Amino acid sequence: MQNLLKVALAQISPVWLNKAETLKKVEQSIIDAAKEDCELIIFGEGLVPGYPFWLALTGGAEWNTNVNKELHAHYVRNSVTIEDGDLQTICELAKANKIAVYLGIIERPLDRGGHSIYASLVYINEKGEIKSTHRKLQPTYDERLTWAPGDGNGLQVHPLKDFTVGGLNCWENWMPLPRAALYGLGENLHIAVWPGSDHNTKDITRFIARESRSFVISVSSLMTKNDFPKDTPHLNEILNNTPEILANGGSCIAGPDGEWIVAPVLHKHGLVIETIDFNRVYEERQNFDPVGHYSRPDVTQLHVNRERQSTVKFNK
């Protein structure tokens, strides 16, 4: 049954800005999904250790303030450094349970000096191997005050049974050319990860599915006012302007015809599980294939730089 894939959408909240405790929640979700015989589990954007909600709540654009500096430092300290083995347990669980994982993290990569952070989407295959780390190409609006822009190295796809999976972070799903790059690599299961809320997922999930004639899975996190840990720096200032609900979920699945398989799920914490059938891709590609029979590469082409960017290159 290579054409069938059982997927789990992990719509959970982080232990906000606490890497260790949030990773424990991720690990438990993988275990729970494996018990349901799921073959792929997906988590929201920047889930580990959480989305930088404080920027919109504490005057994040104010220059040289203790609030912004101290919260940023706290965020960096709780970010994920893959080179240090922060995802080792996740990889071991993926291998032990033969389940692939798409995980949204805030990454502090050593290949960029180890001080700047990136919103990254990590793909771990069913053998427990990290196969790609996609750093968000363009942080959105106030995200630019804490996240650095990424590069094209992570614009990659991966085989999973009959499927070819790829993914993008949040608003870069609106960028036509990165989408086209993944389509050109043969993507037919697109993963879109979000910090939360159906206002992000309800339109674009179906749009990408119809454009690409692929399955599209959008996964969001949850976050309420009560989810801020008591030891958060400057917590009182954050809570003064915080609404009761910051992220309401909105995780969903659209089929290759652009219609809902799972409509946006709101306010529900836990796993959303569904089985999808690859044959539906071939059915819908009959009348439209954006990089195949319904394309004109003799007229328009996309050129992609997938080199991992670095400020310094050393000659051996």
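With an unreviewed UniProt entry as reference, the chain is termed Carbon-nitrogen hydrolase family protein, source organism Hyunsoonleella pacifica. Quoted verbatim from the Sequence similarities (unreviewed entry) field of the UniProt record, the comment on the chain reads "Belongs to the carbon-nitrogen hydrolase superfamily. Nitrilase family."

A. Up close: the overall build of the chain. Scanning the chain from N- to C-terminus turns up eight helices and 13 strands. Overall size of the chain, expressed as C-alpha extent along the three principal axes, is 60 × 50 × 35 Å. When each of the 316 residues of the chain is scored for burial, the buried share is 54%. Pairs at least 24 residues apart make up 72% of the contacts formed inside the chain by residues separated by at least 6 positions. Computed over 32 positive and 39 negative side-chain charges, the inter-centroid distance for the chain is 3 Å.

B. Seen up close, the environment of A148. Relative to the helices and strands, A148 is located in the loop between strand 5 (130–135) and strand 6 (158–160). According to the relative accessible area criterion, A148 is buried, its value standing at 17%.

The rules behind these values
Residues numbered from 1 in each chain as written. Predicted model: local features only at pLDDT ≥ 70, side-chain atom pairs only at ≥ 80, totals over all residues. Heavy atoms only, no water. UniProt positions renumbered as here; feature names shortened; annotations may be inferred. Helix = DSSP H or I, 4+ residues; strand = E, 2+ residues; numbered from the N terminus. Buried < 20%, exposed > 50% of the residue type's maximum accessible area, 1.4 Å probe, protein only. Contact = heavy atoms within 4.5 Å. Lys, Arg positive; Asp, Glu negative; His and termini not counted. Charge placed at Lys NZ, Arg CZ, Asp CG, Glu CD.

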